[in-house]
Amino acid sequence: MVEKKYKLTREGVEALEQELEHLTVVKRREIAEKLQEARAQGDLSENAEYDAAKDEQRDVEARIEEIEKILKNVEVIDGIIVKVLDMELGEEQTINIVGSAEADVLNGKISNESPLGLALLDKKKGAVVEVVAPNGTFSYKVLEVSKPKKKEVK
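Residues numbered from 1 in each chain as written. Predicted model: local features only at pLDDT ≥ 70, side-chain atom pairs only at ≥ 80, totals over all residues. Heavy atoms only, no water.

1. A word on the overall build of the chain
In plain terms, the rule: Secondary structure is summarised from DSSP: a helix means a run of H or I of at least four residues, a strand means a run of E of at least two, and numbering begins at the N terminus for each. In this treatment the radius of gyration is a C-alpha quantity, and the globule benchmark scales as 2.2 Å times the residue count to the 0.38 power. For the exposure calls, accessible area comes from a 1.4 Å probe over protein chains only, and a residue counts as buried if that area is under 20% of its type's maximum, exposed if over 50%, partly exposed in between. Only heavy atoms enter the contact rule, under which two residues are in contact if any of them lie within 4.5 Å. Surface accessibility in these figures is a Shrake-Rupley result with a 1.4 Å probe; residues are shielded only by whichever protein chains are displayed. We treat Lys and Arg as the positive residues and Asp and Glu as the negative residues; His and chain ends play no part in the count. In this description, the location of a charge corresponds to atom NZ of lysine, CZ of arginine, CG of aspartate or CD of glutamate.
Assigned secondary structure in the chain consists of three helices and seven strands. The C-alpha atoms of the chain give 22 Å as radius of gyration, which overshoots the globular expectation for 154 residues (15 Å, by more than 25%). Counting every position in the chain, which comprises 154 residues, the buried fraction comes to 29%. Considering only contacts in the chain between residues 6 or more positions apart, those separated by 24 or more positions represent 52%. Accessible area of the chain: about 10,700 Å², with a carbon and sulfur share of 50%. Distance between charge centroids for the chain: 7 Å, based on 25 positive and 33 negative side chains.

2. Remarks on the sheet that holds strand E7 (residues 136–146)
This is how the line gets drawn: Strand pairing requires that DSSP identify at least two bridges connecting the strands. Comment: axis = line fitted to C-alpha atoms, over the contacting stretch for helices; angle = value between 0 and 180 degrees taken between N-to-C directions.
Ordered by their spatial adjacency, five strands build an open sheet running E5-E4-E3-E7-E6, and the pairing between neighbours is mixed. Lying at the two open borders of the sheet, with one neighbouring strand each, are strand E5 (109–111) and strand E6 (128–133). Adjacent strand axes in the sheet meet at a mean angle of 45 degrees when their direction is disregarded. As paired elements, strand E4 (residues 91–98) and E5 share three bridges and run parallel to each other. Pairing of Asn96 across the sheet is with Lys109, part of E5.

3. Section: the environment of Asn73
Along the chain, Asn73 falls in the loop between helix H2 (48–72) and strand E2 (74–76). Among all residues touching Asn73, those that are not within four sequence positions of it are Glu3, Lys4, Lys5 and Tyr6.

4. Things to note about the pairing of E7
Where strand E3 (residues 80–86) and E7 come together, six bridges link them in antiparallel fashion. From the neighbouring strand, Asp86 faces E7, where its bridge partner is Tyr140. Alignment of E6 against E7, held across six bridges, turns out to be antiparallel. Paired with Glu130 across the strands is Ser139, a residue of E7. Hairpin geometry of E6 and E7 is characterised by an intervening segment of two residues between the two adjacent antiparallel strands.

5. Observations regarding the environment of Gln57
By the element assignment, Gln57 lies in helix H2. Residue Gln57 is classed as partly exposed on the basis of its relative accessible area of 27%. Distance from Gln57 to Ala40, taken between C-alpha atoms, is 18 Å for residues 17 residues apart in sequence. Every residue in contact with Gln57, bar those within four places of it in the chain, is listed here: Ile31 and Leu35.

6. Concerning the pairing of E3
The side-chain alternation of E3 yields one buried face, formed by Ile80, Val82, Val84 and Asp86, and one unburied face, formed by Ile81, Lys83 and Leu85. Pairing of E3 with E4 involves seven bridges; the strand directions are antiparallel. The residue bridging Leu85 from the neighbouring strand is Glu92, located in E4.

7. Some remarks on the packing of helix H1 (residues 10–40) against H2
Just so we agree on the cut-off: In what follows, roughly perpendicular refers to angles from 65 to 115 degrees, roughly parallel to angles under 35, roughly antiparallel to angles over 145, and oblique to any angle outside these ranges. A clockwise turn of the near helix away from the far one marks a right-handed crossing, whereas an anticlockwise turn of less than a right angle marks a left-handed crossing. Polar here means any residue other than Ala, Val, Leu, Ile, Met, Phe, Trp, Tyr, Cys and Pro, which are nonpolar, and Asp, Glu, Lys and Arg, which are charged; Gly is therefore polar.
Relative to each other, H1 and H2 sit at 160 degrees, their axes nearing to 9 Å. By the angle between their directions, the pair H1 and H2 is classed as roughly antiparallel. Seen along the crossing, H1 lies across H2 with a hand that is left-handed. In terms of residue class, the contact of H1 with H2 is built from 14 nonpolar, two polar and twelve charged.

The following block contains the structure:
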């Protein structure tokens, strides 16, 4: 069985690596301390702190496993920023297209696999694209295409 490839930008890979390090170094230690404190209280069968710590441990370990799977099967892609004109509304929008594993619509990052992301990939300035989405068909004119600026290392 072929493992799914997870497409991420370099920034997305770095963010997952940082999260993984935090979970394995900091969170695991915090949870171990919580479990130790709960065990010191005696009877574990009715110990809410112990149950909460075990639940947190399960969630953290699941997230660690998920991140490790993604990083093991990652394909690094270049993110792009596309400035478009919504032809229907007459409004300009800036769209940051990233890998599907790092999409975050609320923060302006859409997946390269979404209808809009797919329609805008490889388009040049001046192109007009029609996007068929679940809630209708939309037209956009590409005003500008650029690469995200590299973050400065401090």
